[in-house]
Amino acid sequence: MSNNTASPEFWQRVDAVINLVNDQSEATSPSEAGASALFASARFNAFLLAQSTGSAENMALEKERALEYFTGQFREMMVANIDNFIENYAQFMQPNPQ
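Since this is a predicted model, take the numbers as computed values, not measurements.

**Structural notes on the overall build of the chain**
Then step 1. Helix and strand counts for the chain come out as four helices and zero strands.
Then step 2. Here the C-alpha radius of gyration of the chain, 16 Å, is well above what a compact globule of 98 residues would show, namely 13 Å.
Then step 3. The principal-axis extents of the C-alpha atoms in the chain amount to approximately 55 × 30 × 25 Å.
Then step 4. Roughly 8,500 Å² of accessible area belongs to the chain as shown, and the carbon and sulfur atoms make up 58% of that amount.
Then step 5. One finds the centroid of the 5 positive side-chain charges in the chain at a distance of 9 Å from the centroid of its 12 negative side-chain charges.

Structure (structure tokens):
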């Protein structure tokens, strides 16, 4: 995210992706489903770079800057989510009644 204020639509998209990965976890392990989601995110962000640069040559020139940006964003999001889970572990990890 480029800023700290996310729209409701942003959170709806986040929830939709999480729900898809949760659904996929029913047919495979959560770690396999998570790996697929991580790869899909990387693939889509590579597409965004290709689309924004307009050529393979420009994409190659922007590769390192894009890697720094995307890995930095991922790290910040992971830190925030890990901290959130630490603070809310008991609530988040309660057994799911079905």
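**Description of helix α2 (residues 30-53)**
Then step 1. End to end, α2 covers 34 Å across 24 residues, agreeing with the expected 34 Å (1.5 Å per residue, within 8%).
Then step 2. Taken together, the buried positions of α2 are A33, N45, L49 and T53.
Then step 3. Contacts from the buried residues of α2 go to α1 (8-24) and α3 (56-87).
Then step 4. Remark: G54 follows α2 within two positions and exhibits a positive phi of approximately 85°.

**Notes on the packing of aromatic side chains**
Then step 1. Summed over the entire model, instances satisfying the criterion amount to four aromatic pairs.
Then step 2. Ring centres of Y69 and F70 lie 5.1 Å apart, and the angle between their planes is 75°; this geometry places the pair in the edge-to-face category.
Then step 3. Residue class for Y69 comes out partly exposed when judged on its relative accessible area of 41%.
Then step 4. Residue class for F70 comes out partly exposed when judged on its relative accessible area of 30%.

**Thoughts on the environment of A50**
Then step 1. Inspection of the secondary structure puts A50 in helix α2.
Then step 2. Sequence separation of A50 and K63 is 13 residues, and the distance between their C-alpha atoms is 9.7 Å.

**Let's talk about the packing of α2 against α3**
Then step 1. Relative orientation of the contacting elements α2 and α3 amounts to 140°, with a least axis distance of 10 Å. On the basis of the axis angle, α2 is oblique to α3. The hand of the α2/α3 crossing is right-handed. Where α2 abuts α3, its residues L38, N45, A46, L49, A50 and T53 lie against N58, M59, E62, K63, A66, F70 and F74.
Then step 2. When its residues are assigned to classes, the contact of α2 with α3 shows eight nonpolar, three polar and two charged.

Reading the values: the criteria
- Residues numbered from 1 in each chain as written.
- Predicted model: local features only at pLDDT ≥ 70, side-chain atom pairs only at ≥ 80, totals over all residues.
- Heavy atoms only, no water.
- Helix = DSSP H or I, 4+ residues; strand = E, 2+ residues; numbered from the N terminus.
- Rg over C-alpha atoms; globule rule 2.2 N^0.38 Å.
- Areas by Shrake-Rupley, 256 points an atom, 1.4 Å probe, with all protein chains shown as cover.
- Lys, Arg positive; Asp, Glu negative; His and termini not counted.
- Charge placed at Lys NZ, Arg CZ, Asp CG, Glu CD.
- Expected span 1.5 Å × (residues − 1).
- Buried < 20%, exposed > 50% of the residue type's maximum accessible area, 1.4 Å probe, protein only.
- Contact = heavy atoms within 4.5 Å.
- Phe/Tyr/Trp six-rings, centres within 6.5 Å; stacked < 30°, edge-to-face > 60°.
- Axes fitted to C-alpha atoms, helices over the stretch in contact; angles between N-to-C directions.
- Parallel < 35°, antiparallel > 145°, perpendicular 65-115°, else oblique.
- Left-handed = near helix turned anticlockwise from the far one by under 90°.
- Nonpolar A, V, L, I, M, F, W, Y, C, P; charged D, E, K, R; others polar.

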